[in-house]
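# Results of the structural survey
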Amino acid sequence: MLDNSLEIIDRNIITLANLDSVEFHGVYPKQTQRAIELAVTVRSTIRGRDAGYSSDRLALYFAISDVARRRPPEHTIRILEIGTLYGSSLLNMLGAARDSGRVATAVCIDPLEGYYGKDDDPISAAKICPETLLWNLRAFGFNAATVELRQCLSSSSEARRGM
């Protein structure tokens, strides 16, 4: 469990001290703490890597939380993610929906056939494939039915089908 002082260090150093005094419009201190806890847990748990900044994960969490707050309770939150890699951003968004007591589904568009011509990620050495993404989803209690994976480039007609 994280306490009221937390420092996340990555490529972008973010220091949040005394979370009780941190204010975001429509966001409460406990929600801020939960968003940070989830981002840290995702980063340390997934197979592969979190290809981004911690601040991006917090922004995604707050955005989904805001959608959940503004929509009727029966509304399913629909997420579109282009470029999934290992699913770190996706897990933060799905987690935000779950933390808000909401159901969420996602369409993820990514070929998941390696990284710029290599089978494995050059940074984490983890295989980039649907199985790795599904393992990461299951590690956080989400099943394959939560995500519609479109293994294609975002420029293909398959990516736009039904949208």
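Heads up: these notes are all about the structure in this document. Every value quoted in this text rests on a predicted model; they were computed, and no experiment measured them. (Residues numbered from 1 in each chain as written. Predicted model: local features only at pLDDT ≥ 70, side-chain atom pairs only at ≥ 80, totals over all residues. Heavy atoms only, no water.)

## Some details on the pairing of strand S3 (residues 77–82)
Side chains of S3 alternate between two faces, with Ile77, Ile79 and Glu81 buried and Arg78, Leu80 and Ile82 left unburied. With 6 bridges joining them, S3 and strand S4 (residues 104–109) adopt parallel strand pairing. Residue pairing in the sheet places leucine 80 in a bridge with valine 107 of S4. Traced from S3 through helix H3 (residues 88–99) to S4, the parallel crossover comes out right-handed. (Buried < 20%, exposed > 50% of the residue type's maximum accessible area, 1.4 Å probe, protein only. Helix = DSSP H or I, 4+ residues; strand = E, 2+ residues; numbered from the N terminus. Pairing = 2+ DSSP bridges. Right-handed = clockwise from strand over helix to strand, strands pointing away.)

## Quick look at the sheet that holds S3
Adjacent strands of a sheet form backbone hydrogen bonds with each other and so pair up, either parallel or antiparallel. Taken together, 3 strands build an open sheet; the order of strands is S3-S4-S5 and the sheet is parallel. Strands at the two margins of the open sheet, each flanked by one partner only, are S3 and strand S5 (147–150). Going from strand to strand, the sheet's axes swing by 15° on average, the running direction of each strand aside. (Axes fitted to C-alpha atoms, helices over the stretch in contact; angles between N-to-C directions.)

## Re a nonpolar patch on the surface
On the surface, a nonpolar cluster with roughly 330 Å² of combined accessible area is contributed by Leu80, Ile82 and Met163. Here methionine 163 shows up in the segment after helix H5 (157–160). (Patch = residues over 30% accessible without salt bridge, like charges linked within 9 Å, V, L, I, M, F, W, Y side chains within 5 Å. Areas by Shrake-Rupley, 256 points an atom, 1.4 Å probe, with all protein chains shown as cover. Salt bridge = Lys/Arg side-chain N within 4 Å of Asp/Glu carboxyl O.)

## Regarding H3
End to end, H3 covers 16 Å across 12 residues, agreeing with the expected 16 Å (1.5 Å per residue, within 8%). Most of H3 sits inside the fold, with 10 of its 12 residues counted as buried. Residues of H3 that are buried include every one of Ser88, Ser89, Leu90, Leu91, Asn92, Met93, Leu94, Gly95, Ala96 and Ala97, and no others. Each element contacted by the buried residues of H3 is listed here: helix H1 (29–45), helix H2 (54–70), S3, S4, helix H4 (130–139) and S5. Looking one or two residues past H3, glycine 101 carries a phi angle of roughly 75°, positive in sign. (Expected span 1.5 Å × (residues − 1). Contact = heavy atoms within 4.5 Å.)

So far we have only geometry, and geometry alone does not tell us how the molecule works.
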